[in-house]
Amino acid sequence: MSLARWNKATPPTLLWLLVVLSLLVIPSLSMGQAPDAPTAAPAAGAAPATPAAKSAAAQAQAHGPPPDSWAGQLEMLSRWVDQRGGSGQCEERCYALDRLRITGTVGEGPLQFELSGGVLTDRPVAVPLFGPPAHLRIEATLDDGRPASRREAAPISFEDDHYYLWTAARRFVLRGTLWLEGDLTLLVAGPLNTFEADITGGSVAEGAQLSGLRGATLHFTPDGGAGAQSTGPTVFQLSRAVRVGREIGFEYRLVMRSGSDLGVVRLPLAFGEKVLDVAGASGFRVEGGELVLPTSGRAAEMKISGTLPKVGAFSPDPRSAYEWWLFESDAEHRLTVKGDARQVDAAESPIPRTQATSRLLLVQRGQRVEVAVEPLSGVEVLAAVVRDHRRTLVLTERGDLVADDALTYENNGIDYLTYAPGGRPIYLATDGKAQRIMHQGKAAEEVLVPLQTGSHTIQVQSLAQAAVHSLGGTLELPMPSYPLTASEVALTVGLPDRVVPLALLGGDRPVWFADAGDAFAVAIGFVAAWIAVRPGGATSRGRVRALRALGGLLMAGLWFLAPATFVALLVGIATAVAAWLAGRLLGGRGRAAAMVVLLGLGGLALLVGLFAVSARSYRAERWNSTYSESAAPAPASVRRAKDDDLAKGGGALAPGGAVLEGVTPVALSLPDYERAVQARRELVTRERAFRPVLVYTTSSALVPLVLLWLAGVTVLLAAHRAPLTELYRRAAARLARRPEDEVAQGEPPAPVR
């Protein structure tokens, strides 16, 4: 067991006991040393002690025990033990990198490297190597003192902008290969003592032998040398971006480094570029189709921006071994890129992307790229689409139309949407957050709605007017207009009590006031009337049929006028028919029991029918109240801002009902309505617009029909005057009969026991 491990494993009490015993047995080595013996020479490479340090040491020796005494020896031994016990812990930079050597050919396959170093602690540490990981691949083996047969691939990973080696070897040598992709640059994290490059086919711009590297970037230049430095910069890296929109813009990023001063650099404007700005250079000018860039020093980085007259054939600068070309277009244009250049991942572009349609090409010397632009029509379909559009339109008693639109859209690059709400806009929100209502011009009806990339929601409220005629007619309902394709548009129209809808046209299918359920109820009403209408007497067969048809019409009208009364009358007729059959088939106690059961079943059927009739109106009212409550509250930030303004006494109310321009709006609660009708349409565009038309009547127009219905009821009751009179007489006689009268008629009295 080594001394360090023995010191860690031994308890402190036992250690001190052994030290005392050893001092008692073995004489001190320092007793033979003269008091005036000269001190040992400082270690090689150590800095000489300053006068302040010498005076501090002298004071410590003066106050402390003499070094020749037992106490002095014990103090020295305890210091040595403390130093040995803390040697395995490291708080900062627990590694040392000695030498990095790179060999190989620049631009022809990978480069070989050999890195030597060591770890300054007993535990494994992460030793930073090279970067950046996006443009660098490493394969290496670790020589940490083990036999060659037991060596494995080095545990290398990356984080942030460096690769890391995870090892605990006191001394290691990392050997392997590295691939430089894209820019021929290598970032050395360091600290590294020395760097050596023995490469062919190029050179290192910073030098072949360097020392003291920390966070340094090394640039490998193919075909370098003195001749190249004399004709131009050693490093001439040009990256370009061409963006096609309403106008064609360009952005160039130029990086230059050399072993001598760069001086004045000329960049040919071979594609008709119009330079507007150059960042990183002062005093630039255009002379004879060239951009003159004055520089100072041995390194320069510039960003050049401007416009292009057109796109066509592009090729790299002769001084560049390769160039990055980024092509982008907005949603109104489509780019076609051809040529012999290789397309790579757009995320590796040195110039930031601005469009989702960006394409990145790696164009090497001698290659060319041909670009064509095709303007698109109907770009709104390609760039953004409305997944779902729910519109609620409420007509009030005064003829106001309050509209609430909820849209879910998918956007891939459009900034603003021109939205015509079909009325006066009063509220706008995106993703539940209120927005200011903006127009392109003072007289413009469209609202500019800001769009975000991805899937989001929009809520718009608007006000309009409608003319409702007193007897009925048609009403063209206003619908919003926007340059996007909607997958589905659903419309819910809420109407007041005096407006009765007959049909809603314009959707995928026309919606009528009656449906299959209404037809079934009318058929049941005709059957019940056919059974119940029995005028009796010497009535002709034709008159009986006419009365039964009149009864069916009255039952059908009763279904639309008072559904609950219709259900009650239908249940009453069915119960009476069942009671009549029971009276004919049964007698005595069986008939009485059957009557009780029939009355119970009739009451149960009446409750079920009334619940079914009221369920439809209940659902409509419940949905309306829920929607109104959810749409009513304004955003909390808006409410707080309003309260703060009132508390401070600030703010001003406009004369038009507290409506201010340029102020974030609040949501309006939808008015209540009595009736609702719904329609929907799929795939709505400007060419295939959804224009709903409401066919309606009013309660005033229904008054003559109600009077006719009452007249029909009168005629039917007059035809049944004799049967009804006889029925009334029998019921009155039955109710007036007493028990003793029944005994007098011949019924035997109950036996007395």
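Parameters at a glance
- Residues numbered from 1 in each chain as written.
- Predicted model: local features only at pLDDT ≥ 70, side-chain atom pairs only at ≥ 80, totals over all residues.
- Heavy atoms only, no water.
- Helix = DSSP H or I, 4+ residues; strand = E, 2+ residues; numbered from the N terminus.
- Buried < 20%, exposed > 50% of the residue type's maximum accessible area, 1.4 Å probe, protein only.
- Contact = heavy atoms within 4.5 Å.
- Areas by Shrake-Rupley, 256 points an atom, 1.4 Å probe, with all protein chains shown as cover.
- Pairing = 2+ DSSP bridges.
- Axes fitted to C-alpha atoms, helices over the stretch in contact; angles between N-to-C directions.
- Phe/Tyr/Trp six-rings, centres within 6.5 Å; stacked < 30°, edge-to-face > 60°.
- Lys NZ or Arg CZ within 6 Å of the ring centre and 35° of its normal.
- 1 Å grid on protein atoms, 1.4 Å probe; cavity = no way out; pocket = protein on both sides within 12 Å on 5 of 7 lines; lining within 4 Å.
- Points joined across faces, edges and corners; volume = space filled by probe spheres on them.
- Nonpolar A, V, L, I, M, F, W, Y, C, P; charged D, E, K, R; others polar.
- Core = buried A, V, L, I, M, F, W, Y, C linked by side-chain atoms within 4.5 Å.
- pLDDT = per-residue confidence, 0-100.
- Polar contact = N/O pair within 3.5 Å; in protein donor to acceptor, adjacent residues only side chain to side chain.
- Salt bridge = Lys/Arg side-chain N within 4 Å of Asp/Glu carboxyl O.

> What exactly am I supposed to notice about the overall build of the chain here?
Check the secondary structure of the chain and you find 14 helices and 39 strands. Counting the 753 residues in the chain, one finds 36% classified as buried. The contacts of the chain with a sequence gap of at least 6 include a subset with a gap of at least 24, amounting to 73%. Accessible area for the chain stands at about 44500 Å²; split by element, carbon and sulfur atoms hold 57% of it.

> Where do I start with the sheet that holds strand S1 (residues 95–105) in this structure?
Within a sheet, adjacent strands bond to each other through the backbone by hydrogen bonds, running parallel or antiparallel. One open sheet holds the 6 strands; their spatial order is S5-S8-S2-S1-S10-S12, and the pairing between them is mixed. Because the sheet does not close on itself, it has two edges, and the strands there are strand S5 (136–143) and strand S12 (209–213). Neighbouring strand axes in the sheet, compared pairwise and without regard to direction, differ in orientation by 20° on average. With 4 bridges connecting them, strand S10 (residues 192–200) and S12 associate as antiparallel partners. Across the sheet, Thr194 pairs through a bridge with Ser211, a residue of S12.

> Mind showing me how you'd approach the packing of aromatic side chains here?
Aromatic rings considered in pairs are described by the distance between their centres and by the relative angle of their planes. Overall, the coordinates contain 11 aromatic pairs when judged by the stated rule. Ring centres 5.1 Å apart and planes at 40° place the aromatic pair Phe314 and Trp325 in the tilted group. Of this pair, Phe314 sits in strand S21 (residues 313–314) while Trp325 sits in strand S22 (residues 322–329), placing them 11 residues apart in sequence. In this pair, the class of Phe314 matches that of Trp325, namely buried. Aromatic ring contacts, followed pair by pair, group Phe271, Phe314, Trp325 and Phe327 into a single cluster. Geometry around Tyr95 places Arg93 over its ring, the cationic atom sitting 6.0 Å from the centre. When the ring centre of Trp179 is taken as origin, the NZ or CZ atom of Arg137, which lies over that ring, is 4.6 Å away.

> It is not clear to me how the layout of surface pockets should be interpreted in this structure. Could you clarify?
Picture a little ball the size of a water molecule; that probe, rolled over the atoms, points out where space is still empty. Approximately 1600 Å³ is the volume found for the second largest pocket. Lining the second largest pocket we find 36 residues, and of these Ala532, Ala576, Pro723, Leu724 and Leu727 sit closest to its centre. Residue assignment for the lining of the second largest pocket shows that the elements contributing at least two residues are helix H7 (516–532), helix H8 (541–561), helix H9 (563–585), helix H10 (589–631), helix H12 (703–719) and helix H13 (721–736). Broken down by element, the lining of the second largest pocket gets its largest block of residues, 10 residues, from H9. Its residues assigned to classes, the lining of the second largest pocket shows 23 nonpolar, 5 polar and 8 charged.

> Please clarify how the nonpolar core should be interpreted in this entry.
The nonpolar side chains of a soluble globular protein tend to be buried with one another. Phe113, Phe130 and Phe220 are the most contacted members of the largest nonpolar core, which has 49 residues in total. If we skip the residues at most four places from it in the chain, Phe130 touches Leu100, Phe113, Leu115, Leu136, Ile138, Asp161, His162, Tyr163, Leu178, Leu186 and Leu187. The next biggest cluster of nonpolar side chains, apart from the first, holds 38 residues, and it includes Tyr419, Leu428, Val493 and Leu504.

> Any chance you could explain the confidence of the model for the chain here in plain terms?
Across the chain, the average pLDDT comes to 77, with 76% of residues at or above 70. Low pLDDT (under 50) marks residues 27–60, which in the prediction has 5 contacts with non-local residues, meaning those over four places away or in another chain. Ignoring residues within four places in sequence, the model shows residues 224–232, a span with pLDDT below 50, making 6 contacts including any to other chains.

> What should I look at first to understand the pairing of strand S25 (residues 359–364) in this one?
As a general feature of sheets, a regular strand has side chains that alternate between the two faces. Bridging between S22 and S25 involves 6 bridges; their strand directions are antiparallel. Directly across from Trp325, in S25, lies its bridge partner Leu361. Alignment of strand S24 (residues 342–344) against S25, held across 3 bridges, turns out to be antiparallel. Bridge pairing in S25 links Val344 to Leu360.

> Which parts of the structure should I look at to understand the environment of Ala521?
Relative to the assigned elements, Ala521 resides in helix H7. With sequence-adjacent residues up to four places away left out, Ala521 is seen in contact with Trp559 and Phe566.

> Would you mind showing me how to read the environment of Pro133 here?
As for its placement among the helices and strands, Pro133 is situated in the loop between strand S4 (130–131) and S5. Under the relative-accessibility criterion, Pro133 is labelled buried at 17%. Residues Pro133 and Asp161, spaced 28 residues apart in sequence, show a C-alpha to C-alpha distance of 6.2 Å. Contacts of Pro133, omitting those with residues within four sequence positions, involve Phe158, Asp160, Asp161, His162 and Tyr163.

> Could you clarify how one ought to interpret the side chain of Thr167 in this entry?
Mapped onto the elements of the fold, Thr167 is located in strand S7 (residues 162–167). Polar contacts involving the side chain of Thr167 include one to the main-chain amide nitrogen of Ala169, which spans 3.1 Å. If we skip the residues at most four places from it in the chain, Thr167 touches Val119, Pro124, Val125, Val127, Leu142 and Phe172.

> How do you make sense of unusual backbone geometry when you look at a structure like this?
Note: most peptide bonds trans; most residues except glycine with negative phi. A cis geometry characterises the amide bond from Gly131 onward to Pro132, with omega recorded as -5°. Note the cis peptide between Gly190 and Pro191, where omega equals -5°. With respect to the helices, strands and loops of the structure, Pro191 is situated in the loop between strand S9 (185–188) and S10. Here Asp431, not a glycine, exhibits a phi torsion of approximately 55°, which is positive. As for its placement among the helices and strands, Asp431 is situated in the loop between strand S30 (424–430) and strand S31 (433–434). A relative accessible area of 40% places Asp431 in the partly exposed class. In this model, Leu683 sits at a positive phi of 55°, which is unusual for a non-glycine residue. You can see Leu683 is positioned in strand S38 (residues 675–684).

> So what exactly am I meant to see when it comes to the pattern of salt bridges here?
Counted by the stated rule, this structure contains 19 salt bridges. Between Arg498 and Glu397 there is a salt bridge, with its nearest N and O atoms 3.1 Å apart. Separated by 101 residues along the polypeptide, Arg498 in the loop between strand S35 (486–495) and strand S36 (499–505) and Glu397 in the loop between strand S27 (384–395) and strand S28 (400–411) bring together distant segments of the chain. Classification of Arg498 by relative accessible area gives partly exposed; the value is 28%. Residue classification places Glu397 among the partly exposed positions, given a relative accessible area of 44%. A cluster of three or more residues bridged by salt bridges with shared partners is formed by Arg266, Arg285, Glu287 and Glu290.

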